[in-house]
Amino acid sequence: MDQEFYKSSPEMITAHYGEEYERYYNAIVPPIYMNSLNIFPNIDAYFDADKFDKHTYIYGRVQNPTVRILEDKLAALEHGCASYVFSSGMAAATTAVQATVKAGGNIVCIRNAYGPLANYVSEHCPAAMGTTITWVEGNSVEEFKEAITENTQLVILESPASVTFFLQDIAAVAELAHAVGAKVYIDNTFCTPVYQNPLDLGADIVMHTISKYLGGHSDVIGGVLVVKDPDFAKVVADKRELLGGIIGPMEAWLTLRGVRTLSVRVPAHGAAALKVAQYLENHPKVRKVNYPGLESFPQHELYKKQMRGCTGLLSFEIEGTKEQAKQIVNSLKVFKIGVSWGGFESLACMPMLRLSDEKAQWMGGDQNTIRLHIGLEGVDALIADLDDALANI
Ligand SMILES: *Cc1c(COP(=O)(O)O)cnc(C)c1O
């Protein structure tokens, strides 16, 4: 079957695209190619092998057939020309920085970027590569206009950012970045390809951590970069080979299994999260709810412009002290306490609790911000759990 036929929808892509059944005995599920190398009929064939050819396999740090099927699907889902899957989201993110930034260059980054990536570009990169960093809140295009200069090589976005849920205007930022030859990187983990396709809006690199919704079952750590320029794709492929961050075949296979149901799971998380957000918004002890899908969200217009829906992560602040916020989190029963999100389970966390008050405000949040991931236990049980916990304070 012509693979283009299967590109018609996200559902079709996750079900059938990139699977060339005839290559593996017509099994409906591909095998886990658990091998580190591939062999050749003669030494010239080995030397002449083209590592960029889709069906040429040489060595497992470069490419693997199970990984390749996943990469074909993720590239198609994000409307890119190629994707590269990594052993973690951070392996993907740091490889993207190394593929785009040269010594002495400038990086423009939102204040709420994923913490370890923010540390990497603000501490490691200046020390190792002499780069500079310019922080932006990210809510206004004007701010980017001032921050992006001739020396800017990379703009790091995450929209919505995963604690405060502020959005950035992707198309407007891409235009400013491209005017100085900089690339735009965006962490699209929150939206998934189901609800936002940043490459269509002008971004150059889309990153997802597979550990969240793409894996979807809290049993895999992985990450992906999707790009739209074929020449730049080769740069990323070379960097991954050099830095060695490719995902293992077993994890790639688990991710393939996870993405089969992406288009079913993501709207289910989103529908439940909207109900929880509306419940919290109307609760007298809640001061503020951060969820772009709410009509009252300050950037709801931008939300409608660049997103097609909202997933299962939100945060809120109570009318009260951080001790009371801790008490709420500690008395939840269905929500478990833990980092990460994107799996079947509901989770509560306080990402800013141990930051200084100053740092939390700088990031646009508060020490008492409670972040919830809305899982698939059923929304009535989740609201009842929150209702009991809020009644305790
Ligand atoms: C978890 C997370 C990451 C990092 O992914 P890992 O797979 O843990 O390395 C990056 N961005 C966001 C938004 C995340 O939530």
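Here the structure is a predicted model, which means the values were calculated and not measured. (Residues numbered from 1 in each chain as written. Predicted model: local features only at pLDDT ≥ 70, side-chain atom pairs only at ≥ 80, totals over all residues. Heavy atoms only, no water.)

K.L.:
What's the story with the pairing of strand β9 (residues 313-318) in this structure? I'm lost.
P.N.:
Within a regular strand, the side chains alternate between the two sheet faces. Along β9, six of the six residues are buried, which leaves the element largely enclosed by surrounding structure. Side-chain alternation along β9 places Leu313, Ser315 and Glu317 on one buried face and Leu314, Phe316 and Ile318 on a second face that is also buried. Of the strand pairs in this sheet, β9 and strand β12 (residues 370-373) are connected by four bridges, and their pairing is antiparallel. Among the inter-strand pairings, Leu313 is bridged to a residue of β12, identified as His373. (Buried < 20%, exposed > 50% of the residue type's maximum accessible area, 1.4 Å probe, protein only. Helix = DSSP H or I, 4+ residues; strand = E, 2+ residues; numbered from the N terminus. Pairing = 2+ DSSP bridges.)

K.L.:
So what exactly am I meant to see when it comes to the site of the ligand here?
P.N.:
Residues in contact with the ligand amount to 13 residues; listed here are only the nearest, Gly89, Met90, Asp187, Ser211 and Lys212. Gly89 places a main-chain nitrogen or oxygen 2.8 Å from an oxygen atom of the ligand. Protein burial of the ligand: of its 380 Å² of free accessible surface, 90% is covered by the chains. Counting residues per element, the ones that place at least two in the shell around the ligand are α4 (89-100), β6 (205-209) and α9 (210-214). Of the residues contributing to the shell around the ligand, the split by class is four nonpolar, six polar and three charged. (Near = heavy atom within 4 Å. Polar contact = N/O pair within 3.5 Å; in protein donor to acceptor, adjacent residues only side chain to side chain. Areas by Shrake-Rupley, 256 points an atom, 1.4 Å probe, with all protein chains shown as cover. Nonpolar A, V, L, I, M, F, W, Y, C, P; charged D, E, K, R; others polar.)

K.L.:
Quick question: what am I supposed to make of the packing of aromatic side chains here?
P.N.:
Within a pair of aromatic rings, the relevant descriptors are the distance that separates the centres and the angle that separates the planes. Considering all chains together, one arrives at seven aromatic pairs under this definition. Relative to Phe47, the ring of Tyr46 lies with its centre 5.0 Å away and its plane at 65 degrees, an arrangement referred to as edge-to-face. The class for Tyr46 is partly exposed, based on a relative accessible area of 38%. Among the residues examined, Phe47 registers a relative accessible area of 61% and is labelled exposed. One aromatic cluster is present, formed by Phe40, Tyr46 and Phe47 through successive ring pairs. Above the plane of the ring of Phe232 lies Lys183, whose end atom (NZ or CZ) is 4.8 Å from the centre. (Phe/Tyr/Trp six-rings, centres within 6.5 Å; stacked < 30°, edge-to-face > 60°. Lys NZ or Arg CZ within 6 Å of the ring centre and 35° of its normal.)

K.L.:
How do you make sense of the sheet that holds strand β7 (residues 223-227) when you look at a structure like this?
P.N.:
Pairing between the strands of a sheet comes from backbone hydrogen bonds, and it takes one of two forms, parallel or antiparallel. Taken in spatial order, the seven strands make up an open sheet running β1-β7-β6-β5-β4-β2-β3, and their pairing is mixed. Each of the sheet's edge strands pairs with one partner strand only, and the pair in question is β1 (82-86) and β3 (132-136). Neighbour to neighbour, the strand axes of the sheet diverge by 20 degrees on average, direction disregarded. Two elements, β1 and β7, share five bridges in a ladder whose sense is antiparallel. When the sheet's bridge partners are listed, Ser83 is paired in β7 with Val226. Running at roughly 130 degrees to β1, helix α3 (residues 65-77) makes contact with β1 and β7 of the sheet. (Axes fitted to C-alpha atoms, helices over the stretch in contact; angles between N-to-C directions. Contact = heavy atoms within 4.5 Å.)

K.L.:
Any chance you could explain the domain arrangement of the protein chain here in plain terms?
P.N.:
Reports of interface size often rely on the accessible area that becomes lost once the parts have come together. By domain assignment, the protein chain separates into domain 1 (3-259) and domain 2 (262-390). Of note, the centres of domain 1 and domain 2, computed from C-alpha atoms alone, are 27 Å apart. Taken together, the contact between domain 1 and domain 2 spans 38 residues of the former and 38 residues of the latter. Counting the surface lost from both domain 1 and domain 2, the interface buries some 3,400 Å², and carbon and sulfur atoms represent 60% of this. Our count for the domain 1 to domain 2 interface comes out at one salt bridge. A salt bridge links Asp169 to Lys305, with the nearest nitrogen and oxygen atoms 3.2 Å apart. Between the two partners, domain 1 and domain 2, sit 18 residue pairs in polar contact (both at pLDDT 80 or more). Going through the elements one at a time, α1 (10-15), α8 (192-195), α9 and α11 (249-259) are the ones with two or more residues in the side of domain 1 that touches domain 2. Residue composition of the side of domain 1 that touches domain 2, by class: 18 nonpolar, 16 polar and four charged. (Domains from an automatic or database assignment. Buried area = accessible area lost by both parts, 1.4 Å probe. Salt bridge = Lys/Arg side-chain N within 4 Å of Asp/Glu carboxyl O.)

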